[in-house]
Amino acid sequence: MRLTLPHWAGALAVKAAAFITVMCCALAALLGVLVHVSVTNQTVGQARDLALSRLADATEAYEAGDRLLPGAGVDPEGLPAPLRRLAVAGERGTMVATHRGRPAMWAAGPVAGHRALAVEVDYSQQARTIDGLDRSIVWSSGLAIGATVLVGVFAVTRVTRRLHGTARVARRISAGDLDARVDDPRAKDPTRPQDEVAAVAAALDSMASSLQSKLLSEQRFTADVAHELRTPLTGLHAAAELLPPGRPTELVRDRVAALRTLTEDLLEISRLDTGREKPAVDTEALGALAERVVRASGTATEVRILRDVRVETDRRRLERVLGNLVANAHKHGAPPVVLTVDGPVVTVRDHGGGYPEYLVAHGPQRFRTEGGAKGHGLGLTIAVGQAEVLGATLGFANAADGGAVATLRLPEAG
């Protein structure tokens, strides 16, 4: 079964928890080893001194011919072989070994006849002390590691939670929500200690405010320019209508009409940029609406209705979206152009060279065209904006066998 992490836990939290755990384990192991070695050396040293003292008493008694005390004897049963060989060689030594199922401290020394005089001291109490100490070290280390990891993870997750919130706000800003702010309490209160996360949050909020201010200025500039152009364009259009018939007059009227269309498109984009456009929702039969759009376009566009549905939408805005898609397909693509209705999904496909790579990857960009194409890039920009107002999604792709495909997904009627 795969462990599922909380939404705020990421690689940083996992790595930090692992690092804290490893360091705690290493520190606990080091301290445990130091304590174990120190106590063991002290305990073994005391038992060794006692055994050697009794060996000295037993040696004096043996040399004086007196009776040996209990626990002492010559070549006694259970004497470890390495210690016996040491004693026979003329040296004294001690060794811990198990005798009759219990630990014992042996001390042995040489006596006449290449024999070993040995003394056995009970080592059970000392062994139990060391075992108890080891268990205490293990349990206390485990508790200390667990408590440290919990505290460390709590501290790290507070940081990662703040980072996750900052990243979420950054994604909202990149999606177009320029009102999104982190509003980190540390960044807003200069009396509190500032950390790196607060610095990042403050920088992101400052960037969003600056970006919002610049975009609003650009939107106001676009709207003001478009509004200011309408008055002279109206007069220019009226003057063009008074010109005598002829080729020059036709050229002037054509350019005036193009400029007038551009101005209206700029006004529409400026209204969409404000984000305050509201659709006038009504229930429409999608197939019939698509056929009306194609008839109004006056183009040779094939309409295929695979599955007709009724959708809740703003008819005028939807006609604007589909009309722009059809016009763009004929203007920048190649016939045949096919508009397909399959439930709430409408696709417009041509068989030309396809959309540019930047448009497929990032969507349409105003005043940008490639490959010598004519236009200002506003038609698809308006289509995307109107689709957002309708609550629909508009995507762009290139067909595998060639041609551009625009896919509009509408919400179905309840």
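As annotated in an unreviewed UniProt entry, the protein chain is histidine kinase from Streptomyces bangladeshensis. As stated in UniProt under Catalytic activity (unreviewed entry), the record for the protein chain gives "ATP + protein L-histidine = ADP + protein N-phospho-L-histidine." Under the UniProt heading Subcellular location (unreviewed entry), the entry covering the protein chain gives this text: "Cell membrane".

Student: Outline the nonpolar core, supporting the account with residue identities and numerical values.
Tutor: Core analysis: the biggest nonpolar cluster contains 32 residues, and L286, L318, L325, L339, L394, F396 and L408 have the highest contact counts within it. Taken together, the elements giving at least two residues each to this core come down to α7 (286-297), α8 (315-332), β8 (337-342), β9 (345-349), α9 (357-362), α10 (378-389), β10 (393-398) and β11 (404-409). Broken down by element, the residue count for this core peaks at six residues, all from α8. The contact partners of F396, leaving out residues within four places of it in the chain, are L325, Y355, L359, V360, P364, L380, V384, V405 and A406.

Student: I'd like a description of the UniProt feature "transmembrane region" (unreviewed entry) in the protein chain, backed by residues and values.
Tutor: Under the UniProt annotation, the feature "transmembrane region" (unreviewed entry) is placed at residues 12-35 and 137-156. Along residues 137-156 the backbone is 100% helical and 0% strand, and the end-to-end C-alpha distance reaches 27 Å.

Student: Outline α8, listing residues and values.
Tutor: A rise of 1.5 Å per residue sets the reference length of α8, with its 18 residues, at 26 Å; its end C-alpha atoms lie 26 Å apart and thus fit the reference within 8%. Where α8 is concerned, the buried positions are R317, L318, V321, L322, N324, L325, V326, N328 and A329. One side-chain oxygen at the N-terminal end of α8 lies 3.1 Å from the backbone nitrogen of R316; it belongs to D314.

Student: So, the packing of α7 against α8: which residues are in play, and what are the values?
Tutor: How two helices pack is summed up by the angle between their axes together with the distance between the axes. Contact geometry for α7 and α8: axes closest at 9 Å, N-to-C directions at 55°. As the angle between them shows, α7 and α8 are arranged oblique. For the element pair α7 and α8, the recorded crossing hand is right-handed. Here α7 contributes L286, L289, A290, R292, V293 and S297 to the contact with α8, which in turn contributes R315, L318, E319, L322, G323 and V326.

Student: Which residues make up the sheet that holds strand β1 (residues 72-74), and what are the values?
Tutor: The strands that make up a sheet are held in pairs by hydrogen bonds between backbone atoms, and each pair lies either parallel or antiparallel. Read across the sheet, four strands follow the order β1-β4-β3-β2 without closing on themselves; strand pairing throughout is antiparallel. Strands at the two margins of the open sheet, each flanked by one partner only, are β1 and β2 (93-99). If you compare each strand with its neighbour and ignore which way they point, the axes differ by 30° on average. Summarising the sheet, strand β3 (residues 102-111) and strand β4 (residues 115-122) pair through eight bridges and their orientation is antiparallel. Across the sheet, the residue bridging to A108 is A118, located in β4.

Student: Describe the pattern of salt bridges, with residues and values.
Tutor: Taken as a whole and judged by the stated rule, the model has 12 salt bridges. The closest approach of N and O atoms between R100 and E77, which form a salt bridge, is 3.9 Å. Here R100, found in the loop between β2 and β3, pairs with E77, found in the loop between β1 and α2 (81-88); they are 23 residues apart in sequence, far enough to count as distant. The residues R100 and E77 share a single accessibility class, namely exposed. Two residues, D401 and R349, come together in a salt bridge whose shortest N-O distance is 2.6 Å. With a gap of 52 residues between them, D401 in the loop between β10 and β11 and R349 in strand β9 connect regions that are remote in the sequence.

Student: Describe the environment of L204, and please don't skip the residues or the numbers.
Tutor: Tracing the backbone through its elements, the reader meets L204 in helix α5 (residues 196-241). Along the chain, L204 and V169 lie 35 residues apart, while their C-alpha atoms are 8.7 Å from each other.

Student: Describe the sheet that holds β11, and please don't skip the residues or the numbers.
Tutor: If you walk across this open sheet you meet the five strands as β6-β8-β9-β11-β10, and the pairing is mixed. With one partner strand each, in any of the chains shown, β6 (301-307) and β10 form the two edges of the open sheet. For this sheet, the mean angle separating the axes of adjacent strands, direction not counted, is 15°. Bridging between β9 and β11 involves five bridges; their strand directions are antiparallel. Looking at the pairing, T347 lines up with T407 of β11. Set on the sheet, α7 makes contact with β6, β8 and β9; between it and β6 the angle comes to about 180°. Sitting on the sheet, α10 is in contact with β10 and β11, with an inclination near 140° to β10.

Procedures and definitions
Residues numbered from 1 in each chain as written. Predicted model: local features only at pLDDT ≥ 70, side-chain atom pairs only at ≥ 80, totals over all residues. Heavy atoms only, no water. UniProt positions renumbered as here; feature names shortened; annotations may be inferred. Core = buried A, V, L, I, M, F, W, Y, C linked by side-chain atoms within 4.5 Å. Buried < 20%, exposed > 50% of the residue type's maximum accessible area, 1.4 Å probe, protein only. Helix = DSSP H or I, 4+ residues; strand = E, 2+ residues; numbered from the N terminus. Contact = heavy atoms within 4.5 Å. Expected span 1.5 Å × (residues − 1). Polar contact = N/O pair within 3.5 Å; in protein donor to acceptor, adjacent residues only side chain to side chain. Axes fitted to C-alpha atoms, helices over the stretch in contact; angles between N-to-C directions. Parallel < 35°, antiparallel > 145°, perpendicular 65-115°, else oblique. Left-handed = near helix turned anticlockwise from the far one by under 90°. Pairing = 2+ DSSP bridges. Salt bridge = Lys/Arg side-chain N within 4 Å of Asp/Glu carboxyl O.

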